[in-house]
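A closer look at the structure
The chain contents come next:
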Amino acid sequence: MQSDSHPFIFGYLIGCFFVAILILFKTILFWLLDWLTKANVLKKNIEKISPPDGKTFLAKFGMFVGIALFEVLLSWINVAVISWQIAIGILRVSRDALQPAPEAVKSLRFPLRNNPNMSRESVWAYLQALGVKAGGNPTIEELANSLNEIAEIYPTFNRTIALKKLESLYVMNPESISAALLAIGRYGAPSGQPEMD
């Protein structure tokens, strides 16, 4: 194809090429940033108490390819959009890395970002503790509902152990933990269930 006889089509195709390169670059860059900041371990831990994703690998791959093709077809529009996404992603990671955090928050974040073998109970307890340190004040009902929702999805989730783990982090008063234990009743797994943290 002669570029001077079809300049608009040629320019559009060049834009599509740049979008494809930027998509590949963004995917690799964000994966690398997740690995460097241990965000991949954090995501893996959070997935332990999130509803399972029912999509197969092929379905996820097909969706990724479909979205990537659509983005490529947007040509130069998406060159600007992806460039902005990359800049925002780098700024977000830089801000999180440079933003000072209290020592108590750092100690709660550390296992979530560094221990991929945490139990569901421990992940729940640490996330609740971080919420409290961030200014949250969950009610007894909110704690019980959160535990019950996870137990419905994952029958092996031990609500009693999760509450005991939260109690051991010393972010809530023992009376609240005892009240939450009463609220969930005797439906937890046997208290001898081993912890993995």
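Up top is the structure.
Residues numbered from 1 in each chain as written. Predicted model: local features only at pLDDT ≥ 70, side-chain atom pairs only at ≥ 80, totals over all residues. Heavy atoms only, no water.

Of note, Ser75 is a non-glycine position whose phi angle comes to about 55 degrees, a positive value. A positive phi angle, close to 55 degrees, is found at Tyr170, a residue other than glycine. With respect to the element layout, Tyr170 can be found in the loop between helix H8 (159–168) and helix H9 (174–184). On the accessibility criterion, Tyr170 (72% relative accessible area) is exposed. (Helix = DSSP H or I, 4+ residues; strand = E, 2+ residues; numbered from the N terminus. Buried < 20%, exposed > 50% of the residue type's maximum accessible area, 1.4 Å probe, protein only.)

Take the nonpolar core next. One finds Leu112, Trp124, Leu147, Phe157, Leu163, Leu166 and Met172 to be the most contacted residues of the largest nonpolar core, which totals 30 residues. Those elements that provide at least two residues to this core are helix H5 (103–114), helix H6 (120–133), helix H7 (140–153), H8 and H9. The element best represented in this core is H6, accounting for 7 residues. Contacts of Phe157, omitting those with residues within four sequence positions, involve Arg120, Glu121, Trp124, Leu147, Ile150, Ala151 and Ala162. One finds Val19, Leu33, Val72 and Ile82 within the second-largest nonpolar core, a separate group that totals 12 residues. (Core = buried A, V, L, I, M, F, W, Y, C linked by side-chain atoms within 4.5 Å. Contact = heavy atoms within 4.5 Å.)

Moving on, we get to the pattern of salt bridges. For the structure shown, the criterion picks out 3 salt bridges. In this structure, Lys60 engages Asp53 in a salt bridge whose closest nitrogen and oxygen atoms are separated by 3.6 Å. With relative accessibility at 41%, the residue Lys60 sits in the partly exposed group. Classification of Asp53 as partly exposed rests on a relative accessible area of 46%. Put simply, Arg95 and Asp96 hold a salt bridge, and the shortest N to O gap is 3.1 Å. (Salt bridge = Lys/Arg side-chain N within 4 Å of Asp/Glu carboxyl O.)

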